[in-house]
Every structure is written in C-alpha cells, then in structure tokens.
Amino acid sequence: MAKDEAIIFLVDDDELYLLRLKDHLQEKLYFKTKIYTFTSGETCLENLTLNPDIIVLDYYFSPEDLGEGGPKLMNGIELIRQLKEQRPDIHLIMLSCETDVEVANTAIKEGAKDYIIKYEYAPIQLQYLINNIVLNRIFSHKVNYWKWGAMVIGALLIFIIIYLVAGGKLDG
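The structure reproduced in this document is the subject of the present report. What you see is a predicted model; the values in this text were computed from it and never measured.

Counting residues in each nonpolar core, the largest one holds 25 residues, and the members touching the most others are Phe9, Val11, Ile55, Leu57, Leu79, Leu83 and Met94. Elements with a minimum of two residues in this core: β1 (6-11), α2 (41-46), β3 (54-57), α3 (76-86), β4 (91-96) and α4 (101-110). For Leu83, the residues in contact, after removing those within four places along its chain, are Cys44, Leu45, Leu48, Ile55, Pro88 and Leu92. Membership of the second largest hydrophobic core comes to 21 residues, among which are Ala6, Val56, Leu95 and Leu126.

Structure (structure tokens):
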C-alpha cells in the first residue's frame, strides 16, 4: 500500500448490511480510505482495476435478482480462488454467518488471511483488524525506507574510512 489511502472492497449480497458496515468503517478507521461495495463476486472481480488493498467478502451470494434458471453466482470460496489467482497481494477477509469450521478452514487454505463470523460485534472486530493490517503495511514500508537509508549511510562511512586510511589520496 504505497498510496496515501487504503482501498477496501466490501462484498456481500445484503445491501443494507453493506451500507451499515461501510458507514461504520468510514467513521471508525484511523486513516483515509475509499470503500467500494459490491453485491456479488462477479462485480468485485470486474472492478479489480481499482487496486484494492483489502477485500472483505461473504461466503453466500444469493441469486435473487437473476430469476429462475439464471446463472449461478460464485460463492466466497470460489471468489477467493479467483482473487488469489489474479491478485495474490490483496489481503482477503471472509466475514460470514457461516459457522461451519470446514468452511472457515477452506477459506483460510484457499487464501483468506482472516475469518470473522457475523454477529453483533463483527463490525468492531473488522475495524480493529483493518486498522492493524493498514498500520502494519505503513510501518513495514517505513522500515524498508529506513533500511535503505542506513545502507547508503553505511556505504558512505566505509568510503570515508578508506579515504582517511589511504591518507586522503584517491589517485593511488
């Protein structure tokens, strides 16, 4: 995350839940964000060009608007597989009502970094998790910057020491 704001995708078929979750995160996160909401895995995949840092996704997507005999929507596990194939750098979090341990294990095996069960305090748990993810990424970039700076200073010090040991002469 080298940009000045985190881009977060929220993917859930429950539009009301998406809006409540988006409002909560916009109010409570510690940093600038752009939060996009999608009601299917397909629309999430279509918008990967927005370069999300974090995607929070549900397990179930209901095909209510597709009508009888319409195409089958992918579930959260299928979405994780496709996201990992296309963009392995994105931090994936599954947020679902599904309490089956097998689903959680499969989500983690396929590439989700975290699994949160939807309940009363799930938005708060998600808020803390996202804050930690973004802060860790910011600090790791800063540490890498300081490591590079330390290497340059070290090289300059070695050059100065060699120069002084050689009696101030560089021409041999």
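Read on, since the account is not over.
We now examine helix α1 (residues 15-28). The end-to-end C-alpha separation of α1 is 20 Å, in line with the 20 Å expected for 14 residues at 1.5 Å each. Looking only at α1, the buried set comprises Tyr17, Leu18, Leu21, His24 and Leu25. Mapping the buried residues of α1 onto a view down its axis gives an arc of 135°, with all of them on the same face. Exposed and facing more than 90 degrees away from the buried side of α1 are Glu15, Leu16, Leu19, Arg20 and Glu27. Where α1 begins, the capping side chain belongs to Asp14, and its oxygen is found 3.2 Å from the backbone nitrogen of Leu16.

The N-to-C vectors of α3 and α4 enclose an angle of 10°; their axes lie 9 Å apart at closest approach. As far as their axial angle goes, α4 and α3 are roughly parallel. Note on element contacts: α4 touches α3 through Val103, Thr106, Ala107 and Glu110, opposite Ile77, Ile80, Arg81 and Lys84. Along the lines of polarity and charge, the residues of the contact of α3 with α4 split into four nonpolar, one polar and three charged.

On to the environment of Ile116, then. Position of Ile116 relative to the elements: it lies in strand β5 (residues 114-117). Ile116 gets classed as buried once you look at its relative accessible area, which sits at 2%. The spatial distance from the C-alpha of Ile116 to the C-alpha of Ser96 is 6.5 Å, given a sequence separation of 20 residues. Sequence-distant contacts of Ile116, defined by excluding residues within four places in its chain, comprise Ile93, Met94, Leu95, Ser96, Ala122, Gln125, Leu126 and Leu129.

Spatially, β2-β1-β3-β4-β5 is the arrangement adopted by the five strands of the open sheet, whose pairing is parallel. Each edge of the open sheet is held by one strand with a lone partner, namely β2 (33-38) and β5. Strand-to-strand, the axes of this sheet are offset by a mean angle of 20°, without reference to chain direction. The sheet contact formed by β1 and β3 spans four bridges and is parallel. The partner of Ile8 across the bridge, within β3, is Ile54. Against the sheet, α4 makes contact with β4 and β5, and its axis sits at roughly 150° relative to β5, the strand it touches most.

Cut-offs used in this document
Residues numbered from 1 in each chain as written. Predicted model: local features only at pLDDT ≥ 70, side-chain atom pairs only at ≥ 80, totals over all residues. Heavy atoms only, no water. Core = buried A, V, L, I, M, F, W, Y, C linked by side-chain atoms within 4.5 Å. Buried < 20%, exposed > 50% of the residue type's maximum accessible area, 1.4 Å probe, protein only. Helix = DSSP H or I, 4+ residues; strand = E, 2+ residues; numbered from the N terminus. Contact = heavy atoms within 4.5 Å. Expected span 1.5 Å × (residues − 1). Arc of directions from axis to C-beta. Polar contact = N/O pair within 3.5 Å; in protein donor to acceptor, adjacent residues only side chain to side chain. Axes fitted to C-alpha atoms, helices over the stretch in contact; angles between N-to-C directions. Parallel < 35°, antiparallel > 145°, perpendicular 65-115°, else oblique. Nonpolar A, V, L, I, M, F, W, Y, C, P; charged D, E, K, R; others polar. Pairing = 2+ DSSP bridges.

Function-wise, these values are silent; they only describe arrangement.
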